[in-house]
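If you want the building blocks of each chain, they are given just below.
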Amino acid sequence: EFSVKNKYNASATYRKEVIKPGRYCYPGNPEKKIDLTPDLLRNAVENSKAAGIRPYVPIRHSDYPRDNVGYAEGYVTPEGALWADLKIGDDGVAKQMEAGTIPDVSAGLAFDYVGSDGTVYDVVLRHVALVVDPHFKGLGGFTKMDNEGESSEIVEFNSRPYRDWE
């Protein structure tokens, strides 16, 4: 049974595209390119589960506990895009997401992640940060979900064009 309240004590759940597969400039280094393939994104989700990582939802890319407002369940669509269901436990943050003052997300992928048992994972999804200006543009808005996992309301406020980096 899918129950947001029982699983994470979340006040609201939002479905959101996080990364489209493609070739991008590496954050902070426009000379370096990164290929985010459907297989890499699938591995990030599967490896996170295998490593026992519960991807968190911080404000910005922070690992400070007070900045965490929920948890994410990532999955990859048949088209190869990474999506996540964001379980938000802070009513104020949920209201900001719906009002559009927190319009987007940014994935925190960790490469060559060493698990607590010493296993090295090529890539994991550590977090899905709530941000104003993400590195990957054009991912669409949030879809608010009801407690049964069905879409209950569309919250769409990110219409920036997607740029595919060559």
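That block above? That's the structure.
In what follows, the accompanying structure is described. As the structure is a prediction and not an experimental result, all values here were calculated from the model.

**Considering the overall build of the protein chain**
- Secondary structure summary: the protein chain contains 3 helices and 10 strands in total.
- For the protein chain, the succession of helices and strands along the chain, N to C, is α-β-β-β-α-β-β-β-α-β-β-β-β.
- Of the contacts formed within the protein chain by residues at least 6 apart in sequence, a portion of 63% connects residues at least 24 apart.
- For the protein chain, the accessible area works out to roughly 8700 Å², and carbon and sulfur atoms hold 47% of it.

**Thoughts on helix 3 (residues 91-99)**
- Regarding helix 3, the residues found buried are Val-93, Ala-94 and Met-97. Down the axis of helix 3, the smallest arc covering the buried residues is 100°, so these residues share one side. What points out from helix 3, more than 90 degrees from its buried face, is the exposed set Lys-95 and Ala-99.
- One side-chain oxygen at the N-terminal end of helix 3 lies 2.9 Å from the backbone nitrogen of Gly-92; it belongs to Asp-90.
- At the C-terminal side of helix 3, Gly-100 shows a positive phi close to 95°.

**Section: the environment of Ala-129**
- Summarising the element assignment, Ala-129 is placed in strand 8 (residues 120-131).
- Of the residues examined, Ala-129 reaches a relative accessible area of 0% and is grouped as buried.
- Through-space distance from the C-alpha of Ala-129 to that of Ser-106 is 5.1 Å; in sequence the pair is 23 residues apart.
- If near-sequence neighbours (up to four positions away) are discounted, Ala-129 is found in contact with Pro-58, Arg-60, His-61, Asp-104, Val-105 and Ser-106.

Rules behind the numbers
Residues numbered from 1 in each chain as written. Predicted model: local features only at pLDDT ≥ 70, side-chain atom pairs only at ≥ 80, totals over all residues. Heavy atoms only, no water. Helix = DSSP H or I, 4+ residues; strand = E, 2+ residues; numbered from the N terminus. Contact = heavy atoms within 4.5 Å. Areas by Shrake-Rupley, 256 points an atom, 1.4 Å probe, with all protein chains shown as cover. Buried < 20%, exposed > 50% of the residue type's maximum accessible area, 1.4 Å probe, protein only. Arc of directions from axis to C-beta. Polar contact = N/O pair within 3.5 Å; in protein donor to acceptor, adjacent residues only side chain to side chain.

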